[in-house]
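# Summary of structural features
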Amino acid sequence: MNDITTKPKACPAEMTIRRAGTAIGRAPEGISSAPFWAEMLLESESEGENTVMRATVDPSVITHWHTHPRGQFLYVLSGVGVAQRDGGPVEELRAGDCVWFAPDERHWHGASADSAFSYVSIQAVHDGKSVHWLEPVIRQGERS
Ligand code: MN
């Protein structure tokens with residue numbers, strides 16, 4: 001397993017193939033209701049560059065509230081997911097759906113209660129970061 005906390009400073013300077021399955025790691029603690037798998041497909045800390053990851057999430061696991069400084073594009077690969085922007089309804093997501101979260105829009109996403117969920121997400125870097133983590137989500141009728 002790779003240490004996904006060690007990030008390259010920029011995207012590669014030339015054509016680069018990252019072979020399937022070589023970048024899978026555990027997402028960091030403290031960003032979701034339980035750990036999930038994160039495959040870092042493209043990493044950078046350089047202004048404006050894209051980062052790309054594939055996430056695989058167990059049923060009922062959801063992220064904490066967070067924002068992306070340059071927004072986030074999310075493409076659902078499999079399973080049933082849920083997502084919510086601050087002040088909006090909880091939306092169900094299925095394979096083939098895609099979601100755009102606007103820059104600095106507070107939101108969370110994760111797996112539905114009875115289905116695993118996987119997706120690819122793209123989020124660009126601003127001030128060295130592509131995400132800012134906030135507090136845990138407390139859903140009506142349950143604690144996260
Ligand atoms: Mn997000």
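Refer to the structure presented above.
Residues numbered from 1 in each chain as written. Predicted model: local features only at pLDDT ≥ 70, side-chain atom pairs only at ≥ 80, totals over all residues. Heavy atoms only, no water.

### A closer look at the coordination of the manganese ion
Let me state the cut-off plainly: In this description, a donor is an N, O or S atom within 2.8 Å of the metal centre, a cutoff extended to 3.2 Å for sodium, potassium and calcium. Water is not part of the atom list, which can make sites seem incomplete. What counts as a helix is a DSSP run of H or I of at least four residues, what counts as a strand is a run of E of at least two, and both are numbered from the N terminus. Exposure is judged per residue with a 1.4 Å probe applied to protein chains only, and the accessible area is read against the type maximum: over 50% gives exposed, under 20% gives buried, and values in between give partly exposed.
Listed as protein donors to the manganese ion are H66 (NE2), H68 (NE2), Q72 (OE1), H107 (NE2) and H109 (NE2); their distances from the metal cover 2.1 to 2.2 Å. The sequence motif formed by the donor residues of the manganese ion is H-x1-H-x3-Q-x34-H-x1-H. Here H68 is found in the loop between β4 (66-67) and β5 (72-85), whereas its partner H107 is found in strand β8 (residues 107-111), with 39 residues between them in sequence. Here H68 matches H107 in class, with each residue buried.

### Overview of the side chain of Q84
Applicable threshold: In protein, a polar contact requires one atom able to donate a hydrogen and another able to accept it; more generally it is a pair of N or O atoms within 3.5 Å, and residues adjacent in sequence count only if both atoms are side-chain atoms. Contacts are residue-level and defined by heavy atoms, with any inter-residue pair within 4.5 Å sufficient.
Assignment of secondary structure puts Q84 in strand β5. Engagement of the side chain of Q84 in a polar contact is seen with the backbone oxygen of G88, the distance being 2.7 Å. At 2.8 Å, the side chain of Q84 and the side chain of W108 are in polar contact. Excluding residues that lie within four positions of it along the chain, Q84 makes contacts with W65, P89, V90, R106, H107 and W108.

### Some points on the side chain of S118
The topology assignment puts S118 in strand β9 (residues 117-124). For S118, a relative accessible area of 8% gives the class buried. A distance of 2.6 Å separates a polar atom in the side chain of S118 from a polar atom in the side chain of S78. Contacts of S118, omitting those with residues within four sequence positions, involve A55, T56, V76, L77 and S78.

### With respect to the environment of T67
In this fold, T67 is placed in strand β4. Looking at T67, the relative accessible area reads 11%, which means it is buried. For the pair T67 and W108, spaced 41 residues apart in sequence, the C-alpha separation works out to 8.4 Å. With residues up to four places along the chain from it excluded, the contact list for T67 reads D104, E105, R106, H107, S130, V131, H132 and L134.

### Observations concerning unusual backbone geometry
We note that S60 has phi near 75°; this positive angle belongs to a residue other than glycine. Here S60 falls in the partly exposed class, since its relative accessible area comes to 46%. Of note, D127 is a non-glycine position whose phi angle comes to about 50°, a positive value. Mapped onto the elements of the fold, D127 is located in the loop between β9 and β10 (132-133). Residue D127 is classed as exposed on the basis of its relative accessible area of 63%.

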